[in-house]
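The lines below spell out each chain.
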Amino acid sequence: MQSFTSNSLDCLWTLSIDTLVAVRRRYSLWVSGVRIDDTMNCLPADSKKKCRSKVSRKSVFLLCIVFSASAPAAAENGNCGFQLVTIKGTAVEVEQSCAALAKVLQTFAAIGFRIDPEFRLIFKDQVFVERLDQAGQLDALRVLGFFDSRRSLIEMTSFQSSHQEERRPWGVIWGPEIAGSILHHELAHMATFAVLGDGYWRTDPSWLEFIAYSIEFEVMDPSLRAQILANNPSAEAFEGVLKVNPMLHGADPDRFGLRSYLMTRDKGGLEFIRRVLAGEVDFSTSDIVWRR
Ligand SMILES: [Zn+2]
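My aim in this report is to walk through the structure given alongside it, one point at a time.

**Regarding unusual backbone geometry**
So, point 1. Phi at Ser152 takes a positive value of approximately 50°, unusual for a residue other than glycine.
So, point 2. Topologically, Ser152 is positioned in the loop between strand 10 (138-148) and strand 11 (153-157).
So, point 3. Positive phi, normally seen in glycine, also occurs at Trp170, with a value near 55°.
So, point 4. For Trp170, the position within the fold is in the loop between strand 11 and helix 3 (176-196).

See below:
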């Protein structure tokens, strides 16, 4: 966990505490080592100990979410041929983003969901989500990428980030291949939002992650997937749907993602994801309330 000073801040929004709750529900964060849980705590992946104090609705009424822009201005713009898509990154990032988008759209189309993409995608050397903690201190989380459904915005760590040594999802050294895979994950969130609409905000965040990870691994290059499975030989599919919960996601997002994919694979692959998205399952994926 690191803290960051205001000179790394690119933009700043202040939100009421009511909005905080809404924003919490509308953010899907792919976090390296830490994540934000349902109460906006952050949990280190390798420890049970909370790394920051809980955000209290009573004691905090302002939230600042700040994203840094330490990288130089993006070099290229692109839209992949879609009127409502904007991508800012290097020429290679724009090209690979369009390929990633095509792959995700094809995957959703294959299970019956036609998506008209609408989002902005910005690549940065580092991506942060920052906030005020209970003590009013600025609290920053570095993430690999995120999708903000409220603003139809994806921010992604640059494929050529200068902090590559600190980026090792599933033990894989950061580079275009694993970065492209994380981008599939964020685009899967975008597509899931397009499918579910307002239902996205009523879905348990851990199920949104389950879907995004499953899509990510389904479309992953087989050699990369084999490498990740080899790096994590003890990972097993979730034993049951109740294991898909914020606690297990918070404890170890990497492991949660791999177990999600393995469960999806065991339950029929993309057809299982289709049934989850269509609500054709005998369990609830909604936030908080569980039927069984
Ligand atoms: Zn995610």
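**Examining helix 9 (residues 270-278)**
So, point 1. Residues of helix 9 that are buried: Ile273, Val276 and Leu277. Taken end-on, helix 9 shows its buried residues confined to a sector of 95°, consistent with a single buried face. Exposed and oriented more than 90 degrees from the buried face of helix 9 are Glu271 and Ala278.
So, point 2. Structurally, helix 9 contributes buried residues whose contacts are with helix 3, helix 5 (205-219) and helix 8 (253-266).
So, point 3. Remark: Gly279 follows helix 9 within two positions and exhibits a positive phi of approximately 75°.

**Concerning the pairing of strand 11**
So, point 1. Counted residue by residue, strand 11 has 4 buried out of 5 residues, so it is predominantly covered.
So, point 2. Pairing of strand 8 (residues 119-124) with strand 11 involves 5 bridges; the strand directions are parallel. What sits directly across from Lys124, in strand 11, is Thr157.
So, point 3. One ladder, built from 4 bridges, connects strand 10 with strand 11; its direction is antiparallel. Within strand 11, the residue paired with Phe147 across the bridge is Ile154.
So, point 4. Count of turn residues in the strand 10/strand 11 antiparallel hairpin: 4 residues, of which Ser152 carries a positive phi of about 50°.

The rules we used
Residues numbered from 1 in each chain as written. Predicted model: local features only at pLDDT ≥ 70, side-chain atom pairs only at ≥ 80, totals over all residues. Helix = DSSP H or I, 4+ residues; strand = E, 2+ residues; numbered from the N terminus. Buried ≥ 20, exposed ≤ 12 C-beta atoms within 10 Å, placed from the backbone. Arc of directions from axis to C-beta. Contact = placed C-beta atoms within 7 Å. Pairing = 2+ DSSP bridges.

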